[in-house]
Amino acid sequence: MKINQVDVLITSPGRNFVTLKITTDDGVVGYGDATLNGRELAVASYLRDHVSALLIGRDAHRIEDTWQYLYRGAYWRRGPVTMAALAAVDVALWDIKAKVAGLPLYQLLGGASRRGALAYGHASGFDTEALFDSIRAHLELGYRAIRVQTGVPGLESVYGVAASTKIGERYDYEPARRAALPTEEQWDTRSYLRHLPAVFEAVRNEFGPDLPLLHDGHHRMTPIQAAKLGKALEPYDLFWLEDCTPAENQEALRLVRQHTTTPLAIGEIFNTVFDYQTLITEQLIDYVRSAVTHTGGVSPMKKLFDFAAQYQIKSGVHGPTDISPVGMAAALHLDIAIHNFGIQEYMRQSPETLEVFRTSYTFEDGLLHPGETPGIGVEYDEDLAAKFPYEPAYLPVNRLLDGTVHDW
Ligand code: GCO
Ligand code: MG
C-alpha cells in the first residue's frame, strides 16, 4: 500500500489549523494535525516543501521506518516546527493503518485500559464572582475537573482568563489574536503570588474538597517563587500546578520539588523525550503535558509515556483549542490505551470548527472517549474548510511593569 498523494490543508474556522492529508494508491485517506499556534505557515512549508516529495511511493504501513527516516534523515533534529510536521505524518499513517484494520486506533495501541478519559476544562474569571460563575457553567457542561485561572489585582488582563464568562457565551479563552502584531500584556509576579492562595481558598470553600482543581503558572515564576507558590497552595489540594517555571532548565525543578508536595505538570512546549530526561528519571514532575501534535505523533508519545510509567509519572496531554480535533482524537486513543493515564485537557472547539472537522469522540459524565470509528475517527470537509482562509494570528507578548519582556 503506497502513499500516492500528500496535501497540506489550511483553514481558519475561527482560528487557524494546519492538517496533513495522506492518500494511498488504493484510496485510503489519513489525517494528521500540524497546527503550531502563531507559527502555522512554517510547519505548512516544512511539510509542503521538504517532506511531501519524500513520502510519495513509500509503504504507508511502515510508520516507524518513515518516522526515523524523516527524523534522522533531516539531520537537523527536534524543535517545534520539525516535530509538528513529523507528528502530522505519524498520526496520518496511524489513521490509515487503523482504517485498513477496520479498528479504532486505540485497539492497535493495546486496547482499552479504561471506560473513558477524565477531562478538565478551563474556568476563569477576573474576580471571584465571575470565576464561580465559570466553574458552575463548566460543571453544568459535565466537567468533573476544573482548571482555575483568575485576574490579578492591578493587572488589566491576564493570560488564561476569558474576556467574558457569561452563561451562553464562550467560557474558554483563546490566547491567539487575529492581528498583524501580537498584543502586549503586563505581569507582576509578586501581586500574583499574594493573590492566588486566597482565590483557591475561596474556591475550596464554595465547591468543597472533592472537585479536582488545576492551575497553570505558564512559565512565569523563578524556581524559588514556584517553590513558594507550591507550598502556599498545599492546603487546597491541587490536582496539579502546571508550568511553574520555564522548564528548559530541568535542574531548576529540583529546588521546587524540595519545597512542596503540590503535584507538578510540565511539557506543553516540549517536543521530544530528551526534554524530560532529568524531570522523569529524578521524579521531579508528576504529569507529562506533551501534545501529540507537537511531540512527533502517537509513536514517540507512546514511548514517552512508557518511560514515564517506570517512575509512576502519569499523562496529562495538552488539549487547548490550538490542538485541532485531529490532534485531540489522536490524544484520546492514547489516553484510552496507556496504563499510566492521568487526565486530559479538553477545551471545546467552536461550532464552525466542528463542522469542518467531524469527530466521533464523545464527552459524557466528565469522560472523553475516542469512539469506535475505524482510524482516529475524524473526517475533514475540504469544501467547507476552503471558505475559511488563513488569517495571521499571534500569541501575546508579556512585559513586567517596568517594560522588561517576560515569559507569558
Ligand atoms: C494550556 C496552555 C495553552 C497555551 C496555548 C498556546 O495549558 O492549555 O497553556 O493555553 O497557552 O496552547 O498556544
Ligand atoms: Mg499550559
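Residues numbered from 1 in each chain as written. Chains lettered and ligands numbered in written order. Predicted model: local features only at pLDDT ≥ 70, side-chain atom pairs only at ≥ 80, totals over all residues.

1. A short note on the overall build of the chain
And then number 1: Along the backbone of the chain there are 13 helices and 20 strands.
And then number 2: A compact globule built from 408 residues would reach a C-alpha radius of gyration of about 22 Å, and the chain, at 21 Å, matches this within 12%.
And then number 3: Projecting the C-alpha coordinates of the chain onto the three principal axes gives extents of approximately 60 × 45 × 40 Å.
And then number 4: Per-residue burial for the chain yields a buried fraction of 48% across its 408 residues.
And then number 5: Within the chain, contacts between residues separated by at least 24 positions form 74% of all contacts whose residues are at least 6 apart in sequence. (Helix = DSSP H or I, 4+ residues; strand = E, 2+ residues; numbered from the N terminus. Rg over C-alpha atoms; globule rule 2.2 N^0.38 Å. Buried ≥ 20, exposed ≤ 12 C-beta atoms within 10 Å, placed from the backbone. Contact = placed C-beta atoms within 7 Å.)

2. Quick notes on the site of ligand 1
And then number 1: The environment of ligand 1 is formed by Asn-37, Pro-175, Asp-216, His-218, Glu-268, Pro-320, Asp-322, Glu-345 and Leu-395.
And then number 2: Taken together, the residues that form the shell around ligand 1 break down as three nonpolar, two polar and four charged. (Near = placed C-beta within 6 Å. Nonpolar A, V, L, I, M, F, W, Y, C, P; charged D, E, K, R; others polar.)

3. A short note on helix H3 (residues 80–101)
And then number 1: Over its 22 residues, H3 runs 31 Å from end to end, which matches the ideal 32 Å to within 8%, given 1.5 Å per residue.
And then number 2: Backbone geometry just downstream of H3 places Gly-102 in the positive-phi region, at approximately 75 degrees. (Expected span 1.5 Å × (residues − 1).)

4. Focus: the domain arrangement of the chain
And then number 1: Split into domains, the chain comes out as domain 1 (3–104) and domain 2 (108–372).
And then number 2: The centre of domain 1, based on its C-alpha atoms, is set 26 Å off from the matching centre of domain 2.
And then number 3: Taken together, the contacts link 30 residues of domain 1 with 28 residues of domain 2.
And then number 4: Among the elements of the structure, strand S2 (17–24), strand S3 (29–33), helix H2 (63–73) and H3 are those that each provide at least two residues to the side of domain 1 that touches domain 2.
And then number 5: With eleven residues, the single largest contributor to the side of domain 1 that touches domain 2 is H3. (Domains from an automatic or database assignment.)

5. A word on the confidence of the model for the chain
Predicted coordinates in areas of low pLDDT are best not read in detail.
And then number 1: When pLDDT is averaged along the chain, the result is 96, and 98% of the positions lie at 70 or above.
And then number 2: We note a pTM of 0.97 for the whole complex and an ipTM of 0.99 for its interfaces. (pLDDT = per-residue confidence, 0-100.)

6. Here's the deal with the environment of Glu-345
And then number 1: Tracing the backbone shows Glu-345 in strand S13 (residues 343–345).
And then number 2: Judged by the 25 C-beta atoms lying within 10 Å of it, Glu-345 is buried.
And then number 3: Excluding residues that lie within four positions of it along the chain, Glu-345 makes contacts with Tyr-120, Val-317, His-318, Gly-319 and Pro-320.

7. Brief notes about unusual backbone geometry
And then number 1: A positive phi is found at His-218, a non-glycine position, where the angle reads about 50 degrees.
And then number 2: If you trace the backbone, His-218 turns up in the loop between strand S8 (213–216) and helix H7 (223–233).

8. What about the packing of helix H1 (residues 40–55) against H3?
Packed helices, taken two at a time, are described by the angle their axes make and the gap between the axes.
And then number 1: The contact between H1 and H3 brings their axes to 9 Å, and the two run at 50 degrees. Judged by the inter-axis angle, H1 sits oblique to H3. Between H1 and H3 lies a crossing of right-handed hand. Two secondary-structure elements touch here, H1 through Ala-42, Val-43, Tyr-46, Leu-47, Val-51 and Leu-55 and H3 through Val-81, Thr-82, Ala-84, Ala-85, Ala-88 and Val-89.
And then number 2: Classifying every residue of the contact of H1 with H3 gives eleven nonpolar, one polar and no charged. (Axes fitted to C-alpha atoms, helices over the stretch in contact; angles between N-to-C directions. Parallel < 35°, antiparallel > 145°, perpendicular 65-115°, else oblique. Left-handed = near helix turned anticlockwise from the far one by under 90°.)

9. Observations regarding the packing of H2 against H3
And then number 1: Between H2 and H3, the shortest axis-to-axis distance is 10 Å and the interhelical angle comes to 170 degrees. With respect to H3, the element H2 is oriented roughly antiparallel. Residues Ile-63, Thr-66, Trp-67, Leu-70 and Tyr-71 of H2 pack against Leu-86, Val-89, Asp-90, Leu-93, Trp-94 and Lys-97 of H3.

10. Here's the deal with the pairing of strand S4 (residues 117–125)
And then number 1: Most of S4 sits out of view: eight of its nine residues are buried.
And then number 2: Where S4 meets S13, two bridges bridge the pair, whose relative direction is parallel. Across the sheet, the residue bridging to Ala-119 is Gln-344, located in S13.
And then number 3: Of the strand pairs in this sheet, S4 and strand S5 (residues 146–150) are connected by five bridges, and their pairing is parallel. Residue pairing in the sheet places Gly-121 in a bridge with Ile-146 of S5.
And then number 4: Handedness of the S4-helix H5 (residues 128–141)-S5 crossover: right-handed. (Pairing = 2+ DSSP bridges. Right-handed = clockwise from strand over helix to strand, strands pointing away.)

11. Points about the environment of Gly-116
And then number 1: Among the structural elements, Gly-116 can be located in the loop between helix H4 (105–108) and S4.
And then number 2: For the pair Gly-116 and Ala-337, spaced 221 residues apart in sequence, the C-alpha to C-alpha distance is 9.9 Å.
And then number 3: With residues up to four places along the chain from it excluded, the contact list for Gly-116 reads Leu-367, Leu-368 and His-369.

12. So, the sheet that holds strand S20 (residues 405–406)
And then number 1: Pairing is mixed in the open sheet, where three strands are placed in the order S7-S19-S20. Sheet topology places strand S7 (184–187) and S20 at the edges, where each strand pairs with a single neighbour.
And then number 2: Pairing analysis gives four bridges linking S7 to strand S19 (residues 397–400), with the strands arranged parallel. Note that in S19 the partner of Glu-185 across the bridge is Asn-398.

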